Amino acid sequence: MGKERVYNFSAGPSMLPLEVLERAGSEITNYEGSGMSVMEMSHRSKVFQKIFDDTQAKFRRLFHVPDGYHILFLQGGASTQFAAAPMNLIGSTGKADYAVTGNFSSIAYKEAKKYGAIHLAASSEDRNHTYIPAQDQLELDPEASYFYYCANNTIYGTEWQYVPDTGRVPIVCDMSSDILSRPVDVSKYGVIFAGAQKNMAPAGLTVVIVKKELAGRELPYTPLMLSYKTMIDKDSMYNTPPCWCIYMLGLVLDWLEEKGGVEGMEAIKHGKARMLYDTIDASRLFTCAVEKDSRSDMNVVFRTASEELDAKFVKESVDAGFTNLKGHRSVGGMRASIYNAMPVEGVEKLCDFIRAFDKNN
Ligand SMILES: *Cc1c(COP(=O)(O)O)cnc(C)c1O
């Protein structure tokens, strides 16, 4: 066999808990005596229906999703929701507010413009997306059909530390890269969506949480597959759902529960991020450009003053058993994505490595 498992700091798809992978492996050819893999069974079978129902119930319980909300398990990735959100929601007034704080909210903003009058309620572009706008910097339109933001900016390493107060305007939030890392008051939101491949499951599943009263307002040309109402009426099974990923999410949720749920995870992930930021801030060579009160606990971006030294760091980190520490091409430098499944030990070892590199260069 090849090398041991590495500490994988990929921004997504990213690490899954080893216990989850081992359990999936042990069940891969014969799930609970069914004589087949979850990958091979009908999505209409009793065995799969139970996996689906249990996963949905676990998600509701652990993420504290109130009764007035549907939990959908869809395909298409978070990016499909960039179109689905306006198509389903903008019909009320024809207008929506967007906060653009990084790459994915910028794409969502451009996509939404095809469907209505989209107002830029806030942007952090003036300081290269190194901060999150404060509440009093949001230019909110009380007639907006919804307010849109991205909770954690995966590429720029910033994270909203508050939920915007938008009055009666529903909030739509892309939580792809920080869902399940901390408790969320779901009742403050209209729609929450997240691609699974950062913090939940393998790529191929998108979790969409929709407040009941917001469904059924889609624009007339909305594809059936993008209509919240279709998917709510069919409990995500209008067509074949991403069965394997839903099963994997169930296993991840069991693992999360053992860690104390999102409350337990919040303490763990915050400890990991603190350790890493403290190490960077205390170093001679490394800096993090993100303003302190906007730093992400999930994606830590940092760099030296020289591109050559950054490249040397990345190269040596691979030899030391870490992978995917190279920053996104649009930002450069380094990025350590430390989602739920990254063990504390992985971050401790990375900090040791950073300190040693700092001393020797
Ligand atoms: C990765 C990511 C996306 C894109 O997700 P896909 O599932 O690939 O469409 C969108 N938003 C955020 C915040 C992300 O981190």
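Residues numbered from 1 in each chain as written. Predicted model: local features only at pLDDT ≥ 70, side-chain atom pairs only at ≥ 80, totals over all residues. Heavy atoms only, no water.

Regarding the overall build of the chain
Part 1 of the argument: Each helix and strand counted, the chain has 9 helices and 13 strands in total.
Part 2 of the argument: In terms of overall size, the chain behaves like a compact globule, its C-alpha atoms giving a radius of gyration of 21 Å where 361 residues would be expected to give roughly 21 Å.
Part 3 of the argument: Seen along its three principal axes, the alpha-carbon backbone of the chain occupies a region of about 60 × 55 × 30 Å.
Part 4 of the argument: Relative to its full complement of 361 residues, the chain shows a buried share of 55%. (Helix = DSSP H or I, 4+ residues; strand = E, 2+ residues; numbered from the N terminus. Rg over C-alpha atoms; globule rule 2.2 N^0.38 Å. Buried < 20%, exposed > 50% of the residue type's maximum accessible area, 1.4 Å probe, protein only.)

As for the domain arrangement of the chain
Part 1 of the argument: Domain parsing of the chain yields domain 1 (22–257) and domain 2 (261–360).
Part 2 of the argument: Measuring from the centre of the C-alpha atoms in domain 1 to the corresponding centre in domain 2 gives 27 Å.
Part 3 of the argument: Contact with domain 1, which involves 26 residues of that partner, is made by 25 residues of domain 2.
Part 4 of the argument: Carbon and sulfur atoms supply 53% of the area buried between domain 1 and domain 2, which totals about 2,100 Å² over both sides.
Part 5 of the argument: Counting every contact that joins domain 1 to domain 2 gives 1 salt bridge.
Part 6 of the argument: Note that Arg 127 is salt-bridged to Glu 291, the shortest N-O span being 2.9 Å.
Part 7 of the argument: Linking domain 1 to domain 2 there are 15 residue pairs in polar contact (both at pLDDT 80 or more).
Part 8 of the argument: Going through the elements one at a time, strand E7 (158–159) and helix H6 (243–258) are the ones with two or more residues in the side of domain 1 that touches domain 2. (Domains from an automatic or database assignment. Contact = heavy atoms within 4.5 Å. Buried area = accessible area lost by both parts, 1.4 Å probe. Salt bridge = Lys/Arg side-chain N within 4 Å of Asp/Glu carboxyl O. Polar contact = N/O pair within 3.5 Å; in protein donor to acceptor, adjacent residues only side chain to side chain.)

Focus: the site of the ligand
Part 1 of the argument: For the ligand, the set of nearby residues contains 13 residues, the closest of which are Ser 79, Thr 154, Asp 174, Gln 197 and Lys 198.
Part 2 of the argument: In the model, an oxygen atom of the ligand is placed 3.0 Å from a nitrogen or oxygen of the Ala 78 main chain.
Part 3 of the argument: Between an oxygen atom of the ligand and a side-chain N or O atom of Lys 198, the distance comes to 2.5 Å.
Part 4 of the argument: Expressed as a share of its isolated accessible area of 380 Å², the protein-covered part of the ligand is 86%. (Near = heavy atom within 4 Å. Areas by Shrake-Rupley, 256 points an atom, 1.4 Å probe, with all protein chains shown as cover.)

Considering the UniProt feature "domain: Aminotransferase class V" (unreviewed entry) in the chain
Part 1 of the argument: According to UniProt, the "domain: Aminotransferase class V" (unreviewed entry) feature falls on residues 6–350.
Part 2 of the argument: Helix and strand shares over residues 6–350 are 33% and 16% respectively, and the end C-alpha atoms of the span are 12 Å apart. (UniProt positions renumbered as here; feature names shortened; annotations may be inferred.)

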